[in-house]
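If you want the building blocks of each chain, they are given just below.
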Amino acid sequence: MDFKAISAAVETDFQQVNDFIFKQLHTHVPLIKEIGNYIIDSGGKRLRPLVCLLSARALGYEGHRHVEIAAVVEFLHTATLLHDDVVDESSLRRGKPSANEVWGNAPSVLVGDFLISRSFQMVVNVGNMRILQILSEATNLIAEGEVLQLINCKNPDTREDQYMEVIRYKTAKMFEASAQSGAVLANPKESVEMAFARYADHLGLAFQLIDDVLDYTGSADEMGKNVGDDLAEGKPTLPLIFALQHAGAPEQQMIRNAIRTGGLEAIDAITQAVKTCGAIDYTIERAEEQARLAKKALGPIEDSIYKEALLALCDLAVARNH
C-alpha cells in the first residue's frame with residue numbers, strides 16, 4: 001500500500017482535519033495566519049494526524065473528536081518544525097524556503113508559540129483529561145529532546161544509545177502521542193492503549209532512522225531539505241556514529257573533524273566512507289527492526305482496514321530508502 005491507499009481508509013476524516021486546521025488558524029493578526037498557512041500548507045503528508053485517525057477508527061471510535069485531536073497533533077508538530085528551523089538555521093523545509101528564511105527568526109518562533117497555545121485551547125475544548133495529559137507530557141519531552149540534541153551537537157563522542165534517546169524524544173514521541181490519543185477516545189483497556197503507544201514509538205523511530213539514511217543517499221527533492229543538512233549542523237546521526245566505530249582511522253578522523261566544526265567541505269568523502277563501512281546498511285537494519293516491533297505491538301488488535309493501514313505505514317517507513 002502506498003501513502004494514498006493508506007490514507008484512503010480515513011479519507012473523509014482526513015479532509016475534515018485539513019478543514020479544521022485552517023479554521024483554527026483564524027486570528028486577528030495577519031502575519032500569524034500568513035506564516036501558519038505557509039508552513040501547514042507546504043506539502044507535508046500529515047503522518048501524525050493520520051496515525052491518530054487510524055488508531056481511533058481501529059478501535060471502533062465513531063465520534064468526531066479524533067478530527068480535533070488530529071489537528072492538535074499537526075499544530076504541535078508544525079510548531080516544532082518552526083522552532084527547529086530557527087535553531088538549525090535551516091533554509092529549506094518540504095522543498096520550499098523555510099519560514100525563518102522568508103520572514104526571519106523572530107516571527108517564526110512567535111508563530112510556533114501561537115500554534116502551541118492554540119493547540120492546548122483545542123485540547124481543552126475536547127474535554128478529555130487523559131488526552132491532555134498525553135499531549136502535555138509529549139510536548140514537554142519533545143522540548144527536552146531538542147535540548148538533548150543541542151548538547152550532542154558537534155560532539156563526535158555521542159553514543160548510539162544517547163542518539164536513540166534524542167530521536168525517541170524528538171520524533172517518536174509525537175507519533176506515540178498521536179496514536180495513544182486516538183486510541184484513548186475509544187475508552188480501551190490500558191493494555192490496548194499502551195499497544196498503540198508502543199506501535200507508534202517504534203514507527204517514529206523507523207521513520208527517523210530512514211531520514212538519517214536519506215541524508216546520505218537521497219536528494220533535496222526527495223527529502224524536501226538540503227542533502228547533508230545534519231552533517232552541516234554537526235549532528236552525529238546513527239550512520240556517523242557507526243562509521244566512527246567501523247571506518248578506517250583516516251575516515252574516522254575526517255568524520256570527527258566534520259562533526260566538531262559542521263559544514264560540508266568533506267561531504268563527498270564522508271558519504272563514501274559511510275557507505276563503504278556498512279553504516280547505511282546498519283541503519284536500515286535498525287529501522288527495519290523498529291518497523292517489525294511496531295507491527296508486533298498491534299498483534300492483539302482486531303483486524304480491520306484501519307489496522308491494515310497502520311501496518312502498511314511500517315512498510316512505508318522503511319521503503320523510502322529504495
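Thresholds, definitions, all that
- Residues numbered from 1 in each chain as written.
- Predicted model: local features only at pLDDT ≥ 70, side-chain atom pairs only at ≥ 80, totals over all residues.
- Heavy atoms only, no water.
- Helix = DSSP H or I, 4+ residues; strand = E, 2+ residues; numbered from the N terminus.
- Rg over C-alpha atoms; globule rule 2.2 N^0.38 Å.
- Buried < 20%, exposed > 50% of the residue type's maximum accessible area, 1.4 Å probe, protein only.
- Areas by Shrake-Rupley, 256 points an atom, 1.4 Å probe, with all protein chains shown as cover.
- Lys, Arg positive; Asp, Glu negative; His and termini not counted.
- Charge placed at Lys NZ, Arg CZ, Asp CG, Glu CD.
- Phe/Tyr/Trp six-rings, centres within 6.5 Å; stacked < 30°, edge-to-face > 60°.
- Lys NZ or Arg CZ within 6 Å of the ring centre and 35° of its normal.
- pLDDT = per-residue confidence, 0-100.
- Salt bridge = Lys/Arg side-chain N within 4 Å of Asp/Glu carboxyl O.
- Bend = angle between axes of the 7 residues up to and from the residue.
- Core = buried A, V, L, I, M, F, W, Y, C linked by side-chain atoms within 4.5 Å.
- Disulfide = S-S within 2.5 Å.

## Examining the overall build of the protein chain
Secondary structure summary: the protein chain contains 17 helices and two strands in total. Taken over the C-alpha trace, the protein chain has a radius of gyration of 19 Å; the compact-globule value for 322 residues is 20 Å, and the two agree within 12%. Burial status across the protein chain gives 55% buried among its 322 residues. Carbon and sulfur atoms make up 51% of the accessible area of the protein chain, which amounts to about 13900 Å² in all. In the protein chain, 31 side chains carry a positive charge and 45 a negative one; their mean positions are 3 Å apart.

## Some details on the packing of aromatic side chains
Enumeration according to the criterion identifies three aromatic pairs in this entry. Arranged with centres 5.0 Å apart and planes meeting at 80°, the rings of Tyr38 and Trp103 form a pair that is edge-to-face. Placement of Tyr38 in helix 3 (residues 30-40) and of Trp103 in helix 6 (residues 99-103) is noted, with a sequence separation of 65 residues between them. Classification of Trp103 by relative accessible area gives partly exposed; the value is 23%. For the pair Phe242 and Tyr282, a centre-to-centre distance of 4.6 Å together with 25° between the ring planes defines the contact as stacked. Separated by 40 residues along the polypeptide, Phe242 in helix 13 (residues 238-246) and Tyr282 in helix 16 (residues 279-297) bring together distant segments of the chain. Since its relative accessible area comes to 12%, Phe242 is described here as buried. One Lys or Arg, Lys45, reaches over the ring of Phe3 and ends 5.9 Å from the middle of that ring. Over the face of the ring belonging to Tyr38 we find Lys96, whose NZ or CZ atom lies 4.1 Å from the ring centre.

## Here we look at the confidence of the model for the protein chain
For the protein chain, the average pLDDT comes to 92, and 96% of its residues sit at 70 or higher. Across the protein chain, helix 16 holds the top mean pLDDT of 98, while helix 11 (residues 220-223) sits lowest at 53.

## Observations regarding the pattern of salt bridges
Summed over the entire model, instances satisfying the criterion amount to 16 salt bridges. Here Arg57 and Asp13 are joined by a salt bridge, their closest N and O atoms 2.9 Å apart. In this pair, Arg57 sits in helix 4 (residues 47-58) while Asp13 sits in helix 2 (residues 11-24), placing the two residues 44 residues apart along the sequence. Summarising the burial analysis for this pair, Arg57 and Asp13 share the class buried. Between Lys295 and Asp315 there is a salt bridge, with the nearest N and O atoms lying 2.7 Å from each other. Residue Lys295 is located in helix 16, and its partner Asp315 is located in helix 17 (residues 305-319); the two are separated by 20 residues in the primary sequence. Note on Lys295: relative accessible area 33%, which makes it partly exposed. A cluster of three or more residues bridged by salt bridges with shared partners is formed by Asp84, Glu146 and Lys170.

## Observations regarding helix 9 (residues 160-184)
Residue Ala172 marks the point of greatest curvature in helix 9, where the axis turns by about 50°. With 19 of 25 residues buried, helix 9 is to be regarded as a mostly interior element.

## Comments concerning the nonpolar core
Residues Tyr199, Leu203 and Leu313 are the most contacted members of the largest nonpolar core, which totals 99 residues. No other element matches helix 10 (residues 190-217), which puts twelve residues into this core.

## Overview of the state of the cysteines
Applying the stated criterion across every chain, the model contains zero disulfides. Here Cys314 is not cross-linked by a disulfide; its sulfur's nearest cysteine counterpart is in Cys52, at 16 Å. Looking at Cys314, the relative accessible area reads 0%, which means it is buried.

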